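Listed here are the chains, written in short residue letters.
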Amino acid sequence: MFARITNLAHDLLGVTHFHQSDSQFFQRKTWKVSCLPACLNSIDSIGLKSIHSDVKIWELDPGDTNMSSQPMEKRDSNVTAQSNSQNSPISVEYEKAMEALSSLINSQKRGEKHHSPGTGGKYKKLERMSMYVKILGLEEHIAGLKIIHVAGTKGKGSTCAFCEAILRESGFRTGLFISPHLIDVRERFRVNGLDISEERFLLHFWECWNCLRENVTEDLPMPPLFQFLTVLALKIFVCEKVDVAIVEVGLGGKKDSTNVIKKPVVCGIASLGMDHMEILGDTLREIASHKAGILKPHIHAFSSPQVAEAMEVLQDRACELGVPLEVAAPLDYKRLNGLKLSLSGDHQFINAGLAISLCKCWLQVTGNWKTLSENDNEKYVLPEAFLRGLSTARLSGRAQIVDDSSFETCKSEGNEISYGNLMFYLDGAHSPERKRRIHSNERKGNKTTKQILLFNCMDSRDPQVLLSRLVNICASSGSHFSKAIFIPNLSIYNKVTSGASIIPMDIRARDLSWQLHLQRMWEKIVNGKDVMLDGKSKMASAENLPSHEFLIESASCHSPEDGFFRRSAVISSLPLSIKWLRDCARENPSLKIQVLVTGSLHLVGDVLKLLRR
């Protein structure tokens, strides 16, 4: 069954790099809570429970390594449905915490050069971070955390996920801090492989919030969002008594909030590339210099293979600090002993190789490597715990396949009739280099296949580069998107929402000028000439969606005068887009609709949130 599901990945752009989400994504661990301060509280694990019973993606049978093809339950197409538990006392308190977090957002979009309260003033960022740590009484405790600190442009999240799984399988209690979250902020904080529960999150959140709130001054205001989440992560890891904390850098390295960490056990730098140039600089040397900022004097460090320009910067900085810097070779698949990496794609062998080096170094420095490896007779063979970790690590929204199981079947004269086939391929790739990982290889079965692009990206990125490379890669192997849909993200940058937040179907009066710009750029790329919109393009709202025939008609059936262009449309909201795709699939049961969602992790998170309803 698992092989059959993973083979579906070939259907869209030859996506051998997509993986099916596992059930761990939807589980959490619950804990006994006392009135003692968090750092003194005795933690007692009392089991697992599902947090969203209405999740609609493949469920992993704990007793089988294969994926179950049975959806957990039938789901209505109304994407505005809310969690049944939303009105529980904990949920109400959780929404209050989300409102508090939202008040810490100081600009609408990352990359805007906008100085708001909490970002300037008397102290620099890392000075403020150190002061927040002292206020929370965590300074000595953090020094006792055995931390793996990872920076990079591409793959740092995957590297951290591999490290966490490897060390957890090695018998250690793990803490993982990653970003961004896709559906719920608790995804950023994993303890022993599971997102922290609402109960434990609220306990640590309010202690952290109240303590900082009581000590703010004009010179030291409340920290902006990511700074707060960073100190909260450190507090959680201290109070939950983790053996190892794996911390992913947010942005850059030198000035990143996570660089309040003074003495990690080992540092890692994943593959470097051109990204966030509005903040980090427009040359690879400048970007590498920021990333190298996490290196600490005489602390071991490993880097993925880099281009010469970037490696020279890393080596120079390492030499200045007396850092033993080694290049981690990509993992040879033969060392997996027949197993497969749980995170799919050839690039993951680079990230896995870095994770292996980081974990081995951590085990050696902490005095645990000899015990773990004493039963391994050959140097080439990876320890069993490493193999288990590499084959079970998880990271949502990166090359993930979600089967939309909202379609029911009806019986007509004794025969079951399917209402459609809709599959979402989600990948948060948003840098030009990451687009190279998507290949094309159209495969046709008994059903007619339509491949759709669902796209948005931040306006601080260059969509011309992203879209052009995506189109060129497809064309080079003879595959083309039938249609492209451009939509705004559901998420807004000035509010932190929970997984149970209400989702409006149609969002009125939203500025869609950026989506129209993306559409015009797309039409120019695929048609080879500029397309003048001049107000003729219709922005699809609840009253004005493309016809269902638009999805299946050839490009020649449309012209700019139709309002919807030959290969694309702008729809005013993501929920409307999902509903429209589902309706198209229902009305065309012989159609196989495959939707690639890419360009933004925010967009990927929004789609996952809707598909879970």
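As recorded in an unreviewed UniProt entry, the protein chain goes by the name Folylpolyglutamate synthase, listed as coming from Heracleum sosnowskyi. UniProt's Function (unreviewed entry) comment on the protein chain is quoted here verbatim: "Catalyzes conversion of folates to polyglutamate derivatives allowing concentration of folate compounds in the cell and the intracellular retention of these cofactors, which are important substrates for most of the folate-dependent enzymes that are involved in one-carbon transfer reactions involved in purine, pyrimidine and amino acid synthesis." Under the Catalytic activity (unreviewed entry) heading, UniProt states for the protein chain: "(6S)-5,6,7,8-tetrahydrofolyl-(gamma-L-Glu)(n) + L-glutamate + ATP = (6S)-5,6,7,8-tetrahydrofolyl-(gamma-L-Glu)(n+1) + ADP + phosphate + H(+)".

(A) Quick look at the pattern of salt bridges. As enumerated under the stated definition, the model contains 14 salt bridges in all. One salt bridge in this structure joins Asp 195 and Arg 190, with 4.0 Å as the shortest N-O distance. Each member of the pair, Asp 195 as well as Arg 190, is classed as buried. Of the charged contacts, one joins Lys 579 and Asp 583 as a salt bridge, the two residues approaching to 3.0 Å between their closest N and O atoms. Placement of the pair is Lys 579 and Asp 583 together in helix α18 (residues 574–587), with a separation of four residues, close to one helical turn. One network of salt bridges, with partners in common, ties together Arg 173, Arg 200 and Glu 240.

(B) Summary view of the packing of aromatic side chains. Under the criterion given, the structure shown has 15 aromatic pairs. Ring centres of Phe 455 and Phe 486 lie 6.3 Å apart, and the angle between their planes is 80°; on these two criteria the pair is classed as edge-to-face. Placement of Phe 455 in strand β18 (residues 448–455) and of Phe 486 in strand β19 (residues 483–486) is noted, with a sequence separation of 31 residues between them. Summarising the burial analysis for this pair, Phe 455 and Phe 486 share the class buried. An aromatic cluster is defined as three or more aromatic residues linked by ring pairs; in this entry it consists of Tyr 94, Phe 177, Phe 189, Phe 201, Phe 205, Trp 206, Trp 209, Phe 226 and Phe 228. Over the aromatic face of Phe 550 sits the side chain of Lys 483, whose NZ or CZ is 5.1 Å from the ring centroid.

(C) Up close: the UniProt feature "binding site: ATP" (unreviewed entry) in the protein chain. UniProt records the feature "binding site: ATP" (unreviewed entry) for Arg 398 and Asp 427 in the present numbering. Look at the named residues: they lie 30 residues apart in sequence, but the longest C-alpha span between them is just 4.6 Å, so in the fold they bunch up. Mapping Arg 398 onto the fold places it in the loop between α13 (384–392) and β14 (400–403). A polar contact is formed between the side chain of Arg 398 and the backbone oxygen of Ser 396, at a distance of 2.9 Å. Here Asp 427 lies in strand β17 (residues 421–427). Judged by its relative accessible area of 11%, Asp 427 falls in the buried class.

(D) Quick peek at the UniProt feature "binding site: Mg(2+)" (unreviewed entry) in the protein chain. In the numbering adopted here, UniProt assigns the feature "binding site: Mg(2+)" (unreviewed entry) to Ser 179, Glu 248 and His 276. Mapped onto the elements, Glu 248 comes out in strand β10 (residues 244–248). In this structure, Glu 248 is in contact with Val 150, Lys 156, Gly 157, Cys 160, Phe 177, Ile 178, Ser 179 and Thr 258, ignoring residues within four places of it in sequence.

(E) Highlighting the confidence of the model for the protein chain. Taken over all residues, the pLDDT of the protein chain has a mean of 77, while the share at 70 or more is 68%. Counted against residues more than four places away or in other chains, residues 1–17, with its pLDDT under 50, gives 57 contacts. Note that residues 19–86 has pLDDT below 50 and, in this model, 178 contacts with residues that lie over four places away or in other chains.

(F) Quick peek at helix α11 (residues 348–365). If you check α11, its first and last C-alpha atoms are 25 Å apart, about what 18 residues at 1.5 Å a residue would give, namely 26 Å. Counting buried residues along α11, 13 of its 18 residues qualify, which places the element largely inside the surrounding structure. Immediately beyond the C-terminal end of α11, within one or two residues, lies Gly 367, with a positive phi of roughly 80°.

(G) Just the nonpolar core, in detail. Core analysis: the biggest nonpolar cluster contains 43 residues, and Leu 101, Val 185, Phe 189, Phe 201, Phe 205 and Phe 228 have the highest contact counts within it. Of all the secondary-structure elements, those providing two or more residues to this core are α2 (89–102), α3 (125–135), β8 (189–191), α6 (198–213), α7 (225–239) and β10. At 10 residues, α7 tops the list of elements feeding residues into this core. By size, the runner-up hydrophobic cluster in this structure holds 39 residues, among which are Cys 160, Leu 354, Trp 369 and Leu 387.

What counts, and at which threshold
- Residues numbered from 1 in each chain as written.
- Predicted model: local features only at pLDDT ≥ 70, side-chain atom pairs only at ≥ 80, totals over all residues.
- Heavy atoms only, no water.
- UniProt positions renumbered as here; feature names shortened; annotations may be inferred.
- Salt bridge = Lys/Arg side-chain N within 4 Å of Asp/Glu carboxyl O.
- Buried < 20%, exposed > 50% of the residue type's maximum accessible area, 1.4 Å probe, protein only.
- Helix = DSSP H or I, 4+ residues; strand = E, 2+ residues; numbered from the N terminus.
- Phe/Tyr/Trp six-rings, centres within 6.5 Å; stacked < 30°, edge-to-face > 60°.
- Lys NZ or Arg CZ within 6 Å of the ring centre and 35° of its normal.
- Polar contact = N/O pair within 3.5 Å; in protein donor to acceptor, adjacent residues only side chain to side chain.
- Contact = heavy atoms within 4.5 Å.
- pLDDT = per-residue confidence, 0-100.
- Expected span 1.5 Å × (residues − 1).
- Core = buried A, V, L, I, M, F, W, Y, C linked by side-chain atoms within 4.5 Å.

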